[in-house]
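Chain by chain, the residues:
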Amino acid sequence: MYNVGMKAFREKYQNLIAPLSLSLKSYFYGRTYLAMISLSTILSYALNQSLLGIIILCLCAVVALLLFDDLTPFMPLVMLFMLNLKTWDIFLTPAPYIPLFFVFLALVFHFLIFCKKFKKGSLFLPIILVSIALLISGLFADGIFNYYHKGLISRIGTGPIVLLIYLVFTNGINPPKNFDITKYFCVSLVLLGLVCYADVFVNKHLFEKGVEGIVEHDVGWNNVNGVAALILVAIPAGFYLLIKSKKVILWAAIIALLYRALYLTGSDGCLGVSLVALPILCIYAFLYAGKKLKFYLTGIACVAVIFSLVIVTLSLIQTGTLPIVDKIQENIFVDSGRTTIYKNALDLFAKYPIFGAGIGYAPEDNTLSTSLILAYNFHSTFFHVIATMGGVGFIAYVYYFYKRYRLLMQHHREFNVFMVMSFTFMEVYGMIDSCEFNIMPLMMIVTILLVVVEHNNKTEELPLKKRQANRLSFYFCYFLLSIT
């Protein structure tokens, strides 16, 4: 009786909202919507009106959740949410929880009405295993009960919260037929990168003006390295849009802006990875471009080379040196204290080889600030895992990486290859900054990326000849990534 009544209610509700849903569909699935919410995020950050920015995103979220049987319009709202925050102190007040509560209710209602069958997805098991490894990390370590609670948020966030995000979007993404979710997602990702640029620019400007409470290397919602990692993920999406759009000059300019944004963050690691990535991305773009696009790309490349030579020449004439070369020379042999941290990680792994020292561990001479929210960071995904989670965590993460790369490489399409690059460049940087444990918003966005790839993998396969051509280019690019 309950099922029959629920089915009748669903049908009645869907018939009721159908006219409004149809009239708003073109807006919520269009680029104007993406541009407007991105602009709203930039303004709320710049004007220090985080609560207003949160309310706007939450209102859009409630409308999207109640009107559409698909979470695609909800996706960019989740991605942009944190970028409103000038400071986390807003969550010490009840104000932001009120609009978030309505979003929660709308999300629950959405799944009750629109979700017909539960899907686990291909990453369900590996994330479960990682979650278990996180929760039991530090088992039998000396004094674990004195600091286990300090890593509890990190344990839950890195495992169960990521699983929740994965399941929500795995079961919620159901775009309309003939709708290109790959372009929609990549536009969302590029706009995210531009919002990061705006946030860093505003923060830098306020710091130079001496505004109280502004920290040079922290934009509020994350430090500049976390911001740079997001931009690093966005750059390959820009290249994908470059070869898929007729507006070549526009996307080339946007890619240049993203590189400028990376430079502005001052993150030497991300900038270094992006410079190594640039020729790989350019080669791939040229391989997949049509004849007309190849002509444009060649022209853009020539202009870029000429422009670079002019800048280099002027710099040498004026100063006798190149700033970027000086920057590389200054930092290439500087480990920022990482050698000591990595040695400590190896010592901990030798002492606790099975379960590690546990998430929440911090050395007695720790110079990094830790709290119930922020756990000690070993500044490398590899060293962080073996130090805190031991061999059990290492095996869990090896399986997790295997399953994610298998998902990303399931098809040899342009979108898959560029998303392989986004994921790989981020993880390469993660070897010196433990990106896997930067949950909000980095790993949340990367998890959504994986869900979109998994959904796209289920669509109709390419014709045989094009698939074979893609496969050759894919393996070529993957070879270059391996060298990186």
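It should be noted that the structure appears before, not after, this text.
To start, this report covers the structure provided alongside it. Small disclaimer: the values here were computed from a predicted structure and weren't measured.

A look at the overall build of the protein
Looking only at helices and strands, the protein features 19 helices and zero strands. Classification of the 484 residues of the protein by burial places 51% in the buried group. Partitioning the contacts of the protein with sequence separation of at least 6, the portion at a separation of at least 24 is 81%. When the accessible surface of the protein is summed, it comes to about 23,800 Å², and 69% of that surface belongs to carbon and sulfur atoms.

Let's talk about the packing of helix α15 (residues 338-351) against helix α16 (residues 381-408)
Close contact between α15 and α16 brings their axes to 8 Å; oriented N to C, the two are set at 20°. Relative to α16, α15 is oriented roughly parallel. The two elements α15 and α16 cross, and the hand of that crossing is left-handed. Within the contact between the two elements, α15 uses Y342, A345, L346, L348 and F349 and α16 uses F383, I386, A387, G390 and G391. Its residues assigned to classes, the contact of α15 with α16 shows eight nonpolar, two polar and no charged.

Considering the side chain of H384
You can see H384 is positioned in helix α16. A relative accessible area of 4% means that H384 is categorised as buried. Engagement of the side chain of H384 in a polar contact is seen with the backbone nitrogen of F378, the distance being 3.2 Å. Setting aside chain neighbours within four positions, we find H384 in contact with I359, Y376, N377, F378, M389, S434 and F437.

What about a nonpolar patch on the surface?
A contiguous nonpolar surface patch, about 760 Å² in accessible area, is contributed by L125, L129, I132, L135, I136, L139, F140, L152 and I156. Elements that contribute at least two residues to the nonpolar patch include exactly α6 (124-135) and α8 (152-172). The element contributing the most residues to the nonpolar patch is α6, with four residues.

Describing the packing of aromatic side chains
Counted according to the given criterion, the structure contains 31 aromatic pairs. On the basis of an interplanar angle of 35° and a centroid distance of 5.9 Å, the ring pair of W88 and F91 is categorised as tilted. Members of the aromatic cluster, joined through ring pairs, are Y27, F28, Y29, Y33, F68, F179 and Y184. When the ring centre of Y45 is taken as origin, the NZ or CZ atom of K86, which lies over that ring, is 4.8 Å away.

What to know about the environment of F349
Relative to the elements of secondary structure, F349 occurs in helix α15. Among the residues examined, F349 registers a relative accessible area of 30% and is labelled partly exposed. A C-alpha to C-alpha distance of 7.9 Å links F349 and T388, two positions 39 residues apart in sequence. Residues in contact with F349, not counting those within four places in the same chain, are I386, G390 and G391.

Notes on unusual backbone geometry
Outside of glycine, negative phi angles account for most residues, and trans bonds account for most peptide bonds. In the segment running from M440 into P441, the intervening peptide bond is cis, with an omega of 5°. Among the structural elements, P441 can be located in helix α18 (residues 439-457). Phi at N48 takes a positive value of approximately 60°, unusual for a residue other than glycine. Positive phi is not limited to glycine here, since F140 has a value of about 75°. Positionally, F140 belongs in the loop between α6 and α7 (144-147). The exposure class assigned to F140 is exposed, which follows from its relative accessible area of 69%.

Conventions we followed
- Residues numbered from 1 in each chain as written.
- Predicted model: local features only at pLDDT ≥ 70, side-chain atom pairs only at ≥ 80, totals over all residues.
- Heavy atoms only, no water.
- Helix = DSSP H or I, 4+ residues; strand = E, 2+ residues; numbered from the N terminus.
- Buried < 20%, exposed > 50% of the residue type's maximum accessible area, 1.4 Å probe, protein only.
- Contact = heavy atoms within 4.5 Å.
- Areas by Shrake-Rupley, 256 points an atom, 1.4 Å probe, with all protein chains shown as cover.
- Axes fitted to C-alpha atoms, helices over the stretch in contact; angles between N-to-C directions.
- Parallel < 35°, antiparallel > 145°, perpendicular 65-115°, else oblique.
- Left-handed = near helix turned anticlockwise from the far one by under 90°.
- Nonpolar A, V, L, I, M, F, W, Y, C, P; charged D, E, K, R; others polar.
- Polar contact = N/O pair within 3.5 Å; in protein donor to acceptor, adjacent residues only side chain to side chain.
- Patch = residues over 30% accessible without salt bridge, like charges linked within 9 Å, V, L, I, M, F, W, Y side chains within 5 Å.
- Salt bridge = Lys/Arg side-chain N within 4 Å of Asp/Glu carboxyl O.
- Phe/Tyr/Trp six-rings, centres within 6.5 Å; stacked < 30°, edge-to-face > 60°.
- Lys NZ or Arg CZ within 6 Å of the ring centre and 35° of its normal.

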